[in-house]
Amino acid sequence: MLDIQTQLFEATDIRFGPIDHETHPEIESKWTHDAEFMRLLDLKPVRPLSPAMIKKQYEAIEKEIEEDKNLFYFTIRAREDDHLIGKAMVEWIDWTNGNGFIRLGIGAAEDRRKGYGSQALHMLLRYAFGELNLYRVTAVVPAYNEGALRLFQKFGFVEEVRRRQALNRDGQFWDLISFGLLNTEWQDQARA
Amino acid sequence: MKDIYRGTLVRLCDESPEIMAKAFAKWDRDTEQHRLADSDPAMLLSEKKIKEIVEKRAENKQSAPFSIRTLAEDKLIGGVGLWVHSWSHSDAWLGISIGDREYWGKGYGTDAMRLMVQYGFIELNLRRISLGLHAYNERARKSYEKIGFKMEGRTRGDGLRDGVRFDSLWMGILREEWLAAQELA
């Protein structure tokens, strides 16, 4: 059903917004000093980044958005006071085959376990399927990220690939799990 | 020490970018070949452009590309390469294409892949090697299983060709699995 009245970037407690080059680098720099958070979100070796480095990253993100046209990037804000909560994106979109990867993170510890991740994922999926018209999305999750595993399972994602011992953290090996959700599965859920 | 570039049917080489560009330009005309090896849309590029791509890949510190030549006739028949997507987790993607279709299904690809897996484990000292393939590529799956790759999953309908949805398969081999198989051999 066509439903253009629905506001794609508004949820109960949060909203999607663009990058704010003035205020966000300071906040996101703080997140990068939290190694535990960064290891949940990213597979690359983590390291703290200064606000200046974050600014450069934002410029690279906006360059990619403009030139490659396969990245859709949102900041997650609190509706109450507009403070930066996290980020959510559809990335590496393969337009020919209609698939993309989704990723999201809630930056500050005090903003976690409040349902913001669920609201953000709901908006991100609605956007990926309803606006970008993707056939399917993939979420890649380290086996040690239990919060993310629960979140994607709750949204009906199917575990499709388990790359054995693909990650080495603190001398321990972890599987890298790839979840998939099809547009049709999402539609069925929305109707149910 | 053994010659790690030499198999039973092929050897791994490096070519001048001009030679490789000329070969790829010829092989790219065979769209069945392209659609077996690649998920990007089939496309024809100039030799100049292909040469630039080959040169760029050669400079990339994460990638280890080789050409494949037959031992019998020293004929250039394809390319194979590892791309180390993470040095810290020590995992690499492995990809191959036998561009010359005369050499399909005769063990040349499997021989080249065996050499590349060995190179990954004993020269790059990787912990794991990963690969992906189209579910319709039966010949590739059998070849990879022979080498010791294990099936790790299937992404549903992530490919679309000729209006038909198809799956991708994902396989991996761990260093200790490969080492154990060498001792048996």
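Here the structure is a predicted model, which is why all the values come from computation and not from measurement. Throughout this description, residue numbers start from 1 for each chain and increase along the sequence as written. Each chain takes a letter, starting from A, and each ligand takes a number, starting from 1, following the order in which they are written. Owing to the predicted nature of the model, reporting of local features is limited to residues with pLDDT of at least 70; listing and counting of side-chain atom pairs is limited to 80 or more, with chain, interface and lining totals taken over all residues.

Engineer: Report on the overall build of chain A, specifying residues and quantitative values.
Structural biologist: The helix and strand tally for chain A stands at six helices and seven strands. Starting at the N terminus, helices and strands are each numbered in turn, a helix being any DSSP run of H or I of at least four residues and a strand any DSSP run of E of at least two. When the helices and strands of chain A are placed in sequence order, the string is β-α-α-α-β-β-β-α-β-α-β-β-α. For this measure, only C-alpha atoms enter the radius of gyration; the expected value for a globule follows 2.2 Å times N^0.38, where N is the number of residues. Against the 2.2 N^0.38 benchmark of 16 Å for 192 residues, chain A shows a C-alpha radius of gyration of 17 Å, consistent with a compact globule. Put simply, chain A has 192 residues, and 33% of those count as buried. Two residues qualify as a contact pair if the distance between their C-beta atoms, derived from the backbone, is within 7 Å. For chain A, long-range pairs separated by at least 24 residues make up 56% of all intrachain contacts whose partners lie at least 6 apart in sequence. Three exposure classes are used, based on other C-beta atoms lying within 10 Å of a residue's own C-beta, which is placed from the backbone: buried for 20 or more, exposed for 12 or fewer, and partly exposed in between.

Engineer: Help me get a handle on the nonpolar core, residues and values and all.
Structural biologist: If you look at the biggest cluster of nonpolar residues, it comprises 36 residues, and the most contacted ones within it are Ile76, Ala88, Ile102, Ala120, Leu124, Ala128 and Ala139 of chain A. No other element matches helix 4 (residues 116–131) of chain A, which puts eight residues into this core. The contacts of Ile76 of chain A, once residues within four sequence positions are left out, are Ile14, Phe16, Ile85, Gly86, Lys87, Ala88, Tyr116 and Ala120 of chain A. In this usage, the nonpolar core is the set of buried Ala, Val, Leu, Ile, Met, Phe, Trp, Tyr and Cys residues whose C-beta atoms join them within 7 Å. Grouped together as the second largest cluster of nonpolar side chains are 35 residues, Ile68, Leu82, Ala92 and Met113 of chain B included.

Engineer: How would you summarise unusual backbone geometry if you had to cite specific residues and measurements?
Structural biologist: Residue and element names in this part refer to chain A. Even without glycine at this site, Asp82 takes up a positive phi of about 65°. For Asp82, the position within the fold is in the loop between strand 2 (72–78) and strand 3 (84–94). C-beta crowding within 10 Å serves as the criterion here: with 12 such atoms nearby, Asp82 is assigned to the exposed category. Positive phi outside glycine occurs at Arg113, with the angle close to 60°. For Arg113, the position within the fold is in the loop between strand 4 (99–106) and helix 4.

Engineer: Can you tell me about the interface of chain A and chain B, naming the residues and giving the values?
Structural biologist: Counting residues at the interface gives 21 residues for chain A, matched by 21 residues for chain B. Among the elements of the structure, strand 5 (136–142), strand 6 (158–169) and strand 7 (172–182) of chain A are those that each provide at least two residues to the side of chain A that touches chain B. Here the side of chain A that touches chain B is built from residues that sort into seven nonpolar, nine polar and five charged. Think of it as three bins: nonpolar holds Ala, Val, Leu, Ile, Met, Phe, Trp, Tyr, Cys and Pro, charged holds Asp, Glu, Lys and Arg, and polar takes everything else, Gly as well.

Engineer: Lay out helix 1 (residues 17–27) of chain B with the relevant residues and their values.
Structural biologist: All names here are of chain B. When we look at burial in helix 1, the residues that qualify are Met20, Ala21, Ala23 and Trp27. Taken around the axis of helix 1, the buried residues stretch over an arc of 165°, which confines them to a single face. Of the exposed residues in helix 1, the ones pointing more than 90 degrees away from its buried face are Glu18 and Lys26. Residues of helix 1 that are buried make contact with helix 2 (31–37), helix 3 (47–59), strand 2 (63–70) and strand 3 (76–86). Directions from the helix axis toward the C-beta atoms define the arc.

Engineer: Describe in detail the confidence of the model for chain B, supporting the description with residues and values.
Structural biologist: Detailed reading of the predicted model is not advised wherever pLDDT is low. A residue's pLDDT is simply how confident the predictor is in it, with values from 0 to 100. Confidence in the prediction for chain B averages 96 pLDDT; 99% of positions are at 70 or higher. Overall fold confidence for the complex sits at a pTM of 0.94, while the interface term, ipTM, reaches 0.92.

Engineer: Lay out the pairing of strand 2 of chain B in plain terms, naming residues and giving numbers.
Structural biologist: Residue and element names in this part refer to chain B. When DSSP locates at least two bridges between a pair of strands, those strands are taken to pair. Where strand 1 (residues 10–13) lies against strand 2, four bridges are found, and the strand directions are antiparallel. Residue pairing across strands places Leu12 opposite Ile68, the latter belonging to strand 2. Hairpin connection between strand 2 and strand 3: a loop of five residues separates the two successive antiparallel strands, and Asp74 in this loop has a positive phi of roughly 55°.

Engineer: So what's going on with the pairing of strand 5 of chain A? Residues and values would help.
Structural biologist: Residue and element names in this part refer to chain A. Within strand 5, six of the seven residues are buried, which leaves it mostly tucked inside the rest of the structure. When strand 4 meets strand 5, the two strands line up parallel, connected through three bridges. Bridge pairing in strand 5 places Asn99 opposite Arg136. Note: strand 5 against strand 7, seven bridges, orientation antiparallel. By the bridge assignment for strand 7, Pro142 is matched with Leu176.

Engineer: So what's going on with the environment of Phe152 of chain A? Which residues, and what values?
Structural biologist: All names here are of chain A. Note on placement: Phe152 falls in helix 5 (residues 146–154). Linking Phe152 and Ser118, residues 34 residues apart in sequence, is a C-alpha distance of 9.1 Å. Phe152 has contacts with Ala139, Val141, Phe157 and Phe179, leaving out every residue within four places of it along the chain.

Engineer: Lay out helix 4 of chain A with the relevant residues and their values.
Structural biologist: To estimate how far a helix should reach, multiply one less than its number of residues by 1.5 Å. The end-to-end C-alpha distance of helix 4 of chain A, which contains 16 residues, comes to 21 Å, matching closely the 22 Å that a straight helix rising 1.5 Å per residue would cover. Tyr116, Gly117, Ala120, Leu121, Met123, Leu124, Leu125, Ala128 and Phe129 of chain A are the residues of helix 4 of chain A that are buried.

Engineer: Any details on the packing of helix 4 (residues 108–122) of chain B against helix 5 (residues 138–147) of chain B? Residues and values, ideally.
Structural biologist: Residues and elements named next belong to chain B. Axis separation between helix 4 and helix 5 bottoms out at 10 Å; the angle between their running directions is 45°. Taken together, the axes of helix 4 and helix 5 are oblique relative to one another. The handedness of the crossing between helix 4 and helix 5 comes out as right-handed. Within the contact between the two elements, helix 4 uses Gly109, Thr110, Met113, Arg114 and Val117 and helix 5 uses Ser143, Lys146 and Ile147. By residue class, the composition of the contact of helix 4 with helix 5 is three nonpolar, three polar and two charged. Axes, fitted as lines to C-alpha atoms, cover a helix only where it is in contact. Angles between the N-to-C directions of the axes lie from 0 to 180 degrees. Comment on the angle field: the value is read as roughly parallel under 35 degrees, roughly antiparallel over 145, roughly perpendicular from 65 to 115, and oblique elsewhere. By definition, turning the near helix anticlockwise from the far helix through less than a right angle yields a left-handed crossing, and turning it clockwise yields a right-handed one.

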